[in-house]
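Coordinate inspection notes
Given next are the chains, with one letter for each unit.
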Amino acid sequence: MQKLTRFFIGCISVLVLSSTCFAQEVPVKDSVSQINVKLQNLFSQRIISKYKIRSIKVVGNEFFDESLLLSLSTLNVGDEVQIPGGDNFSKAIRKLMDQNYFSDVSIYITDLKDKDIDVEIDVVERPRLSRFNLIGVKKTERDELSGKTGLTPNRVITENMKITAIEGIKKFYAEKGFQDASVVIKEQKDASRKNNIILDFVVDRGPKVRINNINFGGNKIEEIKLKKSLKEIHEKSRMTLYPINDKPVIVKTNPYTFDEYLKEKGYLTFTKTRKILNPYLRIKLSGSKFNPKKYDDAKENLLDYYNALGFRDAVIEKDTVYHNAAGNLNIDMQMKEGKKYYFGNLTWRGNTKYSDSLLTSILNIKKGDIYNREILFNKLGKTPTPEGGDVSGLYQDDGYLFFRIDPIETAVYNDTIDFEIRVMEGPQATIKTIRIAGNEKTKDFVIRREIRTIPGDKFSRTFLIRSQREIAQLNYFDQEKIKMEPIPNAEDGTVDINYGVEEKSSDQLELSAGWGGFIGLTGTLGVTFNNFSSKNLFTKKAWDPLPMGDGQKLSLRIQSNGKAFRSYNFTFTEPWFGGIKRNSLTLSVYNTKFGQSFDPITGMFNPNVADQRYISTTGATLSFARQLTWPDDYFSFSTGLNYTRYKLKNYAIDPFNLPNFDNGFVNNLNIRLALQRTSIDQPLFPRSGSTFLLSAQLTPPYSAFDPNFAKKANPYELLEYHKWRFNGEWYVPLGKPAGEERNKQFVLKFAAKFGFLGRYNESLAISPFERFQVGDAGLSNQFALLGFDIIAQRGYPVYESSNPKINPDQQSSRQKFTMFNKYVAELRYPLSLAASSTIYALTFFEAANGWYSMKDYNPFNLRRSVGVGMRFFLPMFGLLGFDYGIGLDRLNATNSLKDAGRFTFMLGFEPE
């Protein structure tokens, strides 16, 4: 039908159809000048009439499908509408406008025939975002800030979207201390794209706002203790001086006042060109920028501190935050402390499984103790801690999943509070179904065999937490995203447990080149598959790109530089040999050769001349380890049989004791027994737990069966020794142990290590093999030519003397120690615990030394060092790390910080 005129039915705000309604005429470009009288009279009629929609079409839409818009409008062909007085068209307009995709929606009637009308919906789409620019923002902040805006190109631009972006930018800077940041949006059309707009966010972050003073009123507790309890915020920087034989003096950071003070006290000397500070003066700096979220947390910390002191009624009556003249903030807090309370009588009600005396001993709160709500809730298990040992844990470890406990105040008199602790034990819950989700590559049975919660057993909270630890130890999954969800079924007294994991790459690739002294340029290619499947080696469809998912470990490594040096290493581990118990079987085979060739004419190294001096090493190790159940199941015991064969040609291995022995064979057959206990919570960044290892490596006592053994021309043909090692590591979390704080808490690591190499026969020299090299980064034995253990010490080169003052700058030693001690203290802080990269910073104190005999052994005569470092665990490359250590005993010798400092690097593994 030819369109003559279309009459406007609705508008963006309100549509009213009545006998007195509008009848706005809108000309159309392709319309004729003659007006259809029937359409004109449609809205002038006073009698309500019903009309049927004959056709509907949508115009103005570019990105949205017409059928979708018709569906959203709820208008359909065949619908009856009342004119005037109906609301069909107004509802359609509102529904379309509610989508926030259009700036205007209009509805027209374009034709009328009898009681049939043609309807046209005219939409004006909002512009879309072509791109956005952050102006006035540092390049280092741009990527992070872009994600905070919530903006995505090609999305419809709405006012709410702009407001959200501005709020995200301001919040980003507020968290960094820029409270007065301003954001202005400038719009410009994108000439290359129709109906697209470019948004420029002009950011002025303003000055950083710091906290100048924190003042308290109404408090009886010392102000300095209250300020310390805030934890999250601190006053503006102060300089605290610690001069010799003087009390600390706090000086505000006015440079003129500070200099004058130091000069007056004699701590500062002025010359013509510089200021000289007394070297015996220490200065401590501290400061804090204002962050609204941290401020709220600080107030919670303050009230928790009051609560821990027994002031359960303490409140912050009023707190005021205001700017001073310099633009920084002052904070005033008016406290109402109330009384200091103490625990009174504590009685139990409802407990039938365990006696009052047992529950009281676990609670460990006595009448007269200072009231502390946090301790009470922790001990009851209402806010459980990772350490456990609470009342709820006692019940839940015996299946009482439906257990509930509530401390009720029964009397408050003077400063004493009596409690009745009400217990509802409920029935014991039996584990019904275990479900595992998220393991796309790892087989279900690999996870199930690590889980301690078994269908048919009683529910146990300890076993649930232990299962999480065991899954994390596999190192196949993102350790921060391992989920455990018990789903109780009160009807039948059972519980289903859902385990959720997220796969991460645990395989490693090593591809590197390095320069190694006489060896020269050496290339390395190594691959480690930590979740290998040997049984699918001959299953074609399992190669994607390799058969994976059975939890086995396969490692291959090749090093070579041509003729001078080559090394091959193969290792395979089955962690559940036999498939029933945690019994691991490991097979390792290796071969290494290092040769030096000299031109007889020039006397120089020449790779084209046949080897004149070399050592080759060939060996294999087979070890079997099994998990123990006593004293607890964190213990394991391993037995390893190792054979290594050394072939020497013009290569002196013991120039001090046997300078003439440089040709022949050396055979090292030994058995290694190791007792280990490991309870760390995860392998990459342990936060809690410990690991201990005590091992003995023993060769047969050949000299006991052969009286002429010591007189042989080659006394090392059959090596004879006994070797003992002890390693102990402890991890202690500092700060809050749960929730988001786990990703931000410091972890303290302590380690103690000891090694000793002995002999059975006093008439024999101690073996030159299997000794200990101490110092440097622990990477110098990468060619595995001689069997000795590398004991790294940051801040020192490799050393041969037991005297801590003697530290020549060298990369290797001619002599190796027969015993050593090492102690380590590290403070670690995680920067990223994501599956894609685990990164943490550390600071350390280290002390170590080596000795050649028990007579010279002194565990307190040690080389000491301090320093800082970083660790990066990347899925494909393993460990990357560096440390900067300062050897304190080198510092005393050189009096130069530069000469005493030393960078050390590590790749692939953490040195001992």
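1. Some remarks on the sheet that holds strand 20 (residues 416-424)
In spatial order, the strands read 18-20-19; together these three strands make up an open sheet with mixed pairing. Strands at the two margins of the open sheet, each flanked by one partner only, are strand 18 (342-349) and strand 19 (404-413). Within the sheet, the average angular offset between the axes of one strand and its neighbour, ignoring direction, is 25°. As paired elements, strand 19 and strand 20 share nine bridges and run antiparallel to each other.

2. Remarks on the nonpolar core
Leu75, Phe102, Val105, Ile107, Ile117 and Ile121 are the most contacted members of the largest nonpolar core, which has 25 residues in total. Counting residues per element, the ones that place at least two in this core are strand 3 (49-59), helix 2 (66-73), strand 4 (80-83), helix 3 (88-97), strand 5 (102-113) and strand 6 (116-125). Every residue in contact with Phe102, bar those within four places of it in the chain, is listed here: Phe64, Leu69, Leu96, Met97, Val123, Val124, Glu125 and Arg126. Leu648, Val666, Tyr721 and Phe772 belong to the second largest nonpolar core, which has 23 residues in total.

3. Observations concerning the packing of helix 6 (residues 223-230) against helix 8 (residues 292-308)
Put simply, helix 6 and helix 8 touch, their axes get as near as 7 Å, and they point 125° apart. When the axes of helix 6 and helix 8 are compared, the pair comes out oblique. Of the two possible hands of crossing, helix 6 and helix 8 adopt the one that is right-handed. The residues of helix 8 that touch helix 6, namely those facing Lys225, Leu226, Ser229 and Leu230, are Ala298, Asn301, Leu302, Tyr305 and Tyr306. Residue composition of the contact of helix 6 with helix 8, by class: six nonpolar, two polar and one charged.

4. Points about the pairing of strand 27 (residues 565-574)
Here eight bridges tie strand 26 (residues 552-560) to strand 27, and the two strands are oriented antiparallel to one another. Bridge pairing in strand 27 links Leu554 to Phe572.

5. Points about the pattern of salt bridges
Throughout the structure, instances matching the rule amount to 50 salt bridges. Arg312 is paired through a salt bridge with Glu409; the nearest N and O atoms lie 2.5 Å apart. You can see Arg312 sitting in the loop between helix 8 and strand 16 (315-323) and its partner Glu409 sitting in strand 19, a full 97 residues away along the chain. Residue classification places Arg312 among the partly exposed positions, given a relative accessible area of 26%. Among the residues examined, Glu409 registers a relative accessible area of 36% and is labelled partly exposed. Ionic pairing is found between Asp398 and Lys458, a salt bridge with its closest N-O pair at 4.0 Å. Within this pair, whereas Asp398 is found in the loop between helix 11 (391-396) and strand 19, its partner Lys458 is found in the loop between helix 12 (444-448) and helix 13 (461-474), the two being separated by 60 residues in sequence. Each of the salt bridges in this network shares a partner with another, and the network as a whole consists of Glu450, Arg452, Arg466, Arg469, Glu470, Arg582 and Asp633.

6. A look at helix 5 (residues 159-174)
Helix length check: helix 5, at 16 residues, gives a terminal C-alpha distance of 22 Å against a target of 22 Å (1.5 Å per residue), a fit within 8%. Those residues of helix 5 not exposed but buried are Met161, Lys162, Ala165, Ile166, Gly168, Ile169, Phe172, Tyr173 and Ala174. For helix 5, the secondary structure elements touched by its buried residues are strand 7 (128-135), helix 4 (139-149), strand 8 (182-189), strand 9 (196-204) and helix 8.

7. Describing the confidence of the model for the chain
Averaged over all residues, the pLDDT of the chain equals 82, while 83% of them reach at least 70. Within the model, pLDDT remains below 50 along residues 238-258, and this stretch shows 48 contacts once partners closer than five positions in the same chain are excluded. With pLDDT under 50 throughout, residues 269-286 is counted as low confidence; its partners more than four residues away or in other chains account for 41 contacts.

8. Description of unusual backbone geometry
A cis amide bond, omega 0°, links Trp630 with the succeeding residue Pro631. On the secondary structure map, Pro631 appears in the loop between strand 29 (613-627) and strand 30 (635-649). Phi at Asn475 takes a positive value of approximately 65°, unusual for a residue other than glycine. Within the chain, Glu770 stands out as a residue other than glycine whose phi angle is a positive 65°. Mapped onto the secondary structure, Glu770 falls in the loop between strand 34 (746-758) and strand 35 (771-774).

9. What about a positive patch on the surface?
Side chains of Lys138, Lys148, Lys171, Lys176, Lys208, Arg210, Lys289 and Lys294 sit close together on the surface and give a patch of like positive charge. Mapped onto the elements of the fold, Lys289 is located in the loop between strand 15 (282-286) and helix 8.

10. A closer look at the packing of aromatic side chains
Within a pair of aromatic rings, the relevant descriptors are the distance that separates the centres and the angle that separates the planes. Under the counting rule described, the total for this entry stands at 29 aromatic pairs. Taken together, a centroid distance of 5.5 Å and an interplanar angle of 45° make the contact between Phe290 and Tyr295 tilted. With respect to burial, Phe290 and Tyr295 carry one shared label: buried. Three or more aromatic residues joined by ring pairs make a cluster, and in this case those are Tyr354, Tyr395, Tyr400 and Phe403. The ring of Phe377 is capped by Arg373, whose NZ or CZ atom sits 4.2 Å from the centre of that ring. For Arg863, the ring lying beneath its charged end belongs to Tyr799, and the centroid distance is 3.6 Å.

11. Describing the sheet that holds strand 21 (residues 430-437)
With mixed pairing, the three strands of this open sheet are ordered in space as 21-23-22. Taken across any chain shown, the strands that pair with only one partner, and hence form the sheet edges, are strand 21 and strand 22 (483-489). Ignoring which end each strand starts from, the neighbouring axes of this sheet average 20° apart. Pairing between strand 22 and strand 23 (residues 494-500): seven bridges, direction antiparallel. Its bridge partner lying in strand 23, Met484 is registered against Tyr499. Its contacts with the sheet put helix 13 on strand 22 and strand 23, and the angle it makes with strand 23 is roughly 20°.

Reading guide: rules and limits
- Residues numbered from 1 in each chain as written.
- Predicted model: local features only at pLDDT ≥ 70, side-chain atom pairs only at ≥ 80, totals over all residues.
- Heavy atoms only, no water.
- Pairing = 2+ DSSP bridges.
- Helix = DSSP H or I, 4+ residues; strand = E, 2+ residues; numbered from the N terminus.
- Axes fitted to C-alpha atoms, helices over the stretch in contact; angles between N-to-C directions.
- Core = buried A, V, L, I, M, F, W, Y, C linked by side-chain atoms within 4.5 Å.
- Buried < 20%, exposed > 50% of the residue type's maximum accessible area, 1.4 Å probe, protein only.
- Contact = heavy atoms within 4.5 Å.
- Parallel < 35°, antiparallel > 145°, perpendicular 65-115°, else oblique.
- Left-handed = near helix turned anticlockwise from the far one by under 90°.
- Nonpolar A, V, L, I, M, F, W, Y, C, P; charged D, E, K, R; others polar.
- Salt bridge = Lys/Arg side-chain N within 4 Å of Asp/Glu carboxyl O.
- Expected span 1.5 Å × (residues − 1).
- pLDDT = per-residue confidence, 0-100.
- Patch = residues over 30% accessible without salt bridge, like charges linked within 9 Å, V, L, I, M, F, W, Y side chains within 5 Å.
- Areas by Shrake-Rupley, 256 points an atom, 1.4 Å probe, with all protein chains shown as cover.
- Lys, Arg positive; Asp, Glu negative; His and termini not counted.
- Charge placed at Lys NZ, Arg CZ, Asp CG, Glu CD.
- Phe/Tyr/Trp six-rings, centres within 6.5 Å; stacked < 30°, edge-to-face > 60°.
- Lys NZ or Arg CZ within 6 Å of the ring centre and 35° of its normal.

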